[in-house]
Amino acid sequence: MLAEKLHELESQLYNIHYDRKETLYFLKQGRPLLVTGVQCHNSSTGTGMLQDAIQVAKEFHGNVLEAPVYWYLLEPQQNVYDTSHVRELIHTVRKAGLHLVILWFATNKNGHPNYAPEYIKLDPDTYRLAVEPDGLPVPSLSPHCQATLRADQKTFVELMKCIKEEDGDCGTVLAVQVENEAGLGGTDRDYSQAAQRDFENGVPPELEGVEIPDSGASMRDNSWRGRFGRHANEAFTAWHQARYIGEIAAAGKQVYNIPMYVNAMLGHPYSEAGMAYNSGGPTVRVLDIWKKAAPSIDLLCPDIYMPCRDYYTHFCQAYSREDNALFIPESSFAGPSAALNVIRAAAQYEAVGVCCFGAESALDETGSLREDVVDTAVSFQMVRNMAPLLLQYHGTGHIHAILQEEFMDQQLILTEGFRIVAHFDIRRRIPDTRETLPRGRGILVQTGEYEFYLTGDNVALDFVARPDPEEEMPRFWLACRQSNQLNFLTVEEGHFDEQNQWVVDFRRNGDETNYETYARKGEVVRIRLNPKMGKKGFVKA
Ligand code: DGJ
């Protein structure tokens, strides 16, 4: 009861969601998988550069590589299919011991048709581009064009057949991203005659009850403008874009049913579609529209490149919904913000997966991880090491993200039984030979009344028992050293094995336990506290 109250209070204070999210990704054997990894650069598939991306996935302790396959290679001539680059990709990634998320670069690659086959590009009368109000085309294929939809869908079905044939028994391919940062670039909607007719037909009945906050809509009628006000054009495009992609995904799932998601190009909060970002993609404003229009899509996902905490948090919150687990397919890997944001997503927002974009660029000219990327790799290591617990404790309120934001020298974590103080810049107590310490960060999971697992870097915890409400002299029992620094039964360093069983690698005691319980460079520590601490009779009165 108290735990629930505390979580309610904490979630109000820090705006944290504790809703239960179902894990999306499962291994062939049925075990859930928390996805961690990297995405390669756009055109690396089928080149030697893929090996660099694989190396980085491993150095990030990742389990997944996200890599594209291309419509123009799959269908080099109309109705002629060549799946060789897909098969090669699957084999290469499987051989490397990783899982694969396949990205379908087709009608839409960041809104543009760069990866469409030549027969599409050469026949704009049939495969129409969207147009601006003055009739000039924008460099995006129109979602109001059935011919393009059917052509893309047909090839996507060939892709899914190939994945099933090549991988149905192995399960190397975990999921497929359908298109890439879809939407119209350079306009808020298609103003062609066909699109105009769709616009004038008004809002479809499926969107009954859907509203967009802050739209200023007059609700005067069922027109797009009347229902969605200043966001009418984006809402309209989102509906058609989502139907388009939803139909492609549904046809693919008929052949081979694995998770499918769509990723969103994001503008800054409150920026406008077609200017700051492609119009019609699954942005925050139109998530409800996408959910109604494309039920075949399992997840709508934000590509979050913004380092700033407020924006990162804004998007994590918006995409963590009862009907949408948080999966971040693209994010930055460099600098302190990236190292913190990985933990923010995985522990604070309980993401089912986090990946960084542009893997190959994480290596320097000697082939080692760039210095400004190392801390992000350590953050990924933490998530990977704690994955069994993160999956087990999703939605319980027992997972705590530890994040040293600017100006912080400590962070408070309040649980039912403890006031836990996370200290940063731990060198004052605990040796660490690094010249500069990274921002403190970590993950704490409470697995029993007196049992915790900690992973982190540059973090040290003090566990202070909270006063028993019935106790008349709580200070007396709490103040002694046995209740504070020496309040543990065991402190172990270790790891989880393949069966998710805890394996002890090193038992800390003496000098290693005289002060706070620390974690460095992503190590995992299991802490069993003494249940008698702070209780009456723990010390002789
Ligand atoms: C977002 C796109 O989805 C990626 O494919 C890639 O082009 C990155 N932007 C580049 O920053």
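Everything discussed here concerns the structure shown above.
Attention in this report is confined to the structure presented alongside it. One numbering rule holds for all chains: residues counted from 1, following each sequence as written. Only residues with pLDDT of 70 or above have their local features reported here, since the model is predicted, and side-chain atom pairs are shown and tallied only from 80 upward, although totals for entire chains, interfaces and linings are computed over all residues. Processing note: side-chain calculations cover all non-hydrogen atoms of the structure and skip hydrogens and water entirely.

1. A few points about the overall build of the chain
Strands are runs of DSSP state E lasting at least 2 residues, helices are runs of H or I lasting at least 4, and numbering of each runs from the N terminus. Looking only at helices and strands, the chain features 14 helices and 20 strands. For the radius of gyration, the atom set is restricted to C-alpha positions; the globular benchmark scales as 2.2 Å times the number of residues to the power 0.38. Over its C-alpha trace the chain gives a radius of gyration of 26 Å, about what one expects of a compact globule, namely 24 Å for 541 residues. Taken over the C-alpha atoms alone, the chain extends approximately 90 × 55 × 40 Å along its principal axes. The contacts in the chain between residues at least 6 apart in sequence include a share of 73% that link residues at least 24 apart. Per-residue accessibility takes into account occlusion by the displayed protein chains alone, with areas from the Shrake-Rupley method and a 1.4 Å probe. Just so you have it, the chain exposes about 22900 Å², and 49% of that area is on carbon and sulfur atoms. Under the convention used here, Asp and Glu are negative, Lys and Arg are positive, and both His and the chain ends fall outside the count. To locate a charge, the coordinates of NZ of Lys, CZ of Arg, CG of Asp or CD of Glu are taken. Within the chain, the 74 negative side-chain charges are centred at a point lying 5 Å from the centre of the 52 positive side-chain charges. Contact between two residues is taken to exist if any of their heavy atoms lie within 4.5 Å; hydrogens are not considered.

2. Overview of the sheet that holds strand β13 (residues 418-424)
Strands qualify as paired when DSSP identifies two bridges or more between them. Sheet architecture is open: four strands sit in the order β12-β13-β16-β19, paired in antiparallel fashion. Among the strands making up the open sheet, the edge pair consists of β12 (410-414) and β19 (517-519). Taking each pair of neighbouring strands and ignoring which way they run, the sheet shows an average axis angle of 25°. Looking at chain direction, β12 and β13 are connected through five bridges and run antiparallel. Think of each axis as a best-fit line through the C-alpha atoms, taken over the contacting stretch in the case of a helix, with angles from 0 to 180 degrees between the N-to-C directions.

3. Description of the packing of helix α7 (residues 193-200) against helix α9 (residues 232-255)
Axes are the key here: two packed helices are described by the angle between their axes and the distance separating the axes. It is at 11 Å that the axes of α7 and α9 come closest, and there the two elements cross at 105°. Relative to α9, the element α7 is oriented roughly perpendicular. Across the interface between the two elements, Ala195, Asp198 and Phe199 from α7 touch Asn233, Phe236 and His240 from α9. Taken together, the residues that form the contact of α7 with α9 break down as three nonpolar, two polar and one charged. Here roughly perpendicular refers to angles of 65 to 115 degrees, roughly parallel to angles under 35, roughly antiparallel to angles over 145, and oblique to all remaining angles. Basically, the charged four are Asp, Glu, Lys and Arg, the nonpolar ten are Ala, Val, Leu, Ile, Met, Phe, Trp, Tyr, Cys and Pro, and anything else, Gly included, counts as polar.

4. Quick look at the pairing of β13
Here the term buried applies to any residue with accessible area under 20% of the maximum for its type, exposed to any over 50%, and partly exposed to those in between, with areas from a 1.4 Å probe on protein chains only. Most of β13 sits out of view: six of its seven residues are buried. Hairpin geometry of β12 and β13 is characterised by an intervening segment of three residues between the two adjacent antiparallel strands. Two elements, β13 and strand β16 (residues 459-465), share seven bridges in a ladder whose sense is antiparallel. Residue pairing for β16: Val421 is matched across the bridge by Asp462.

5. A few points about the site of the ligand
In the region of the ligand, the neighbouring residues are Asn42, Lys109, Asn110, Asn180, Glu181, Asp303, Tyr305, Glu330 and Phe357. A distance of 3.4 Å is found between an oxygen atom of the ligand and a side-chain nitrogen or oxygen belonging to Glu181. Expressed as a share of its isolated accessible area of 290 Å², the protein-covered part of the ligand is 73%. Throughout, the term near means that a residue has one or more heavy atoms lying within 4 Å of the molecule or strand in question. By the criterion applied in these results, polar contacts are pairs of N or O atoms within 3.5 Å in which, for protein atoms, one can donate a hydrogen and the other can accept it, and in which residues neighboring in sequence qualify only through two side-chain atoms.

6. Describing the packing of aromatic side chains
Any Phe, Tyr or Trp ring, taking Trp's six-membered ring, that has another such ring centre within 6.5 Å forms a pair; planes under 30 degrees apart are called stacked, those over 60 apart edge-to-face, and the others tilted. The tally for this structure, following the rule as stated, stands at 20 aromatic pairs. When the ring of Tyr72 is compared with that of Tyr115, the centres are 6.1 Å apart and the planes differ by 45°; the resulting orientation is tilted. Taken together, the residues span a long stretch of sequence, with Tyr72 in helix α3 (residues 71-74) and Tyr115 in the loop between β3 (99-109) and α5 (118-121) at a distance of 43 residues. The partly exposed category is assigned to Tyr72, whose relative accessible area is 37%. What makes Tyr115 buried here is its relative accessible area of 9%. An aromatic cluster is present here, built from Tyr70, Tyr72, Phe105 and Tyr115 joined pairwise through their rings. For a ring to carry a charge above it, either NZ of a lysine or CZ of an arginine must fall within 6 Å of the ring centroid while also lying within 35 degrees of the normal to the ring plane. Sitting over the face of the ring of Phe199, Arg189 holds its NZ or CZ atom 3.9 Å from the ring centroid.

7. A closer look at the environment of Arg475
Counting through the fold element by element, Arg475 comes out in helix α14 (residues 474-479). Remark: the alpha-carbon pair of Arg475 and Gly534, spanning 59 residues in sequence, is separated by 8.3 Å.

8. So, the pattern of salt bridges
Salt bridge, as used here: a side-chain nitrogen of Lys or Arg that lies within 4 Å of a carboxyl oxygen of Asp or Glu. Taken as a whole and judged by the stated rule, the model has 25 salt bridges. One continuous salt-bridge network, built from bridges that share partners, spans Asp432, Arg434, Arg441 and Asp457.

9. Some points on the sheet that holds strand β18 (residues 502-508)
A sheet is described by the order of its strands in space; here six strands give the open sequence β11-β14-β15-β20-β17-β18, paired in antiparallel fashion. In the strand order of this sheet, the two ends are held by β11 (399-403) and β18, each with one partner. Averaged over all adjacent pairs, the angle separating strand axes in this sheet is 30°, with direction ignored. Of the strand pairs in this sheet, strand β17 (residues 488-496) and strand β20 (residues 524-529) are connected by six bridges, and their pairing is antiparallel. Opposite Phe488, over in β20, you have Leu529 as the bridge partner.

10. Thoughts on unusual backbone geometry
Backbone geometry places Glu181, a non-glycine residue, at a positive phi of 40°. Of note, Glu181 is situated in the loop between β6 (173-180) and α7. In this structure, Asn458 takes a positive phi of about 60° despite not being glycine. Structurally, the position occupied by Asn458 is in the loop between β15 (451-457) and β16.

11. Side note on the pairing of strand β1 (residues 35-39)
Where burial is concerned, most of β1 is hidden: five out of the five residues are buried. Here β1 pairs with strand β10 (residues 353-357) via five bridges, running parallel. Bridge pairing links Val35 to Gly353 in β10. Relative to strand β2 (residues 64-70), β1 runs parallel, the two sharing three bridges. Residue Gly37 lies in a different strand from β2, and its bridge partner there is Val64. You can see the chain leave β1, run along helix α2 (residues 49-59) and come back into β2, and the turn it takes is right-handed. For crossovers, right-handed means that the path from the first strand over the helix to the second runs clockwise, given strands pointing away from the viewer.

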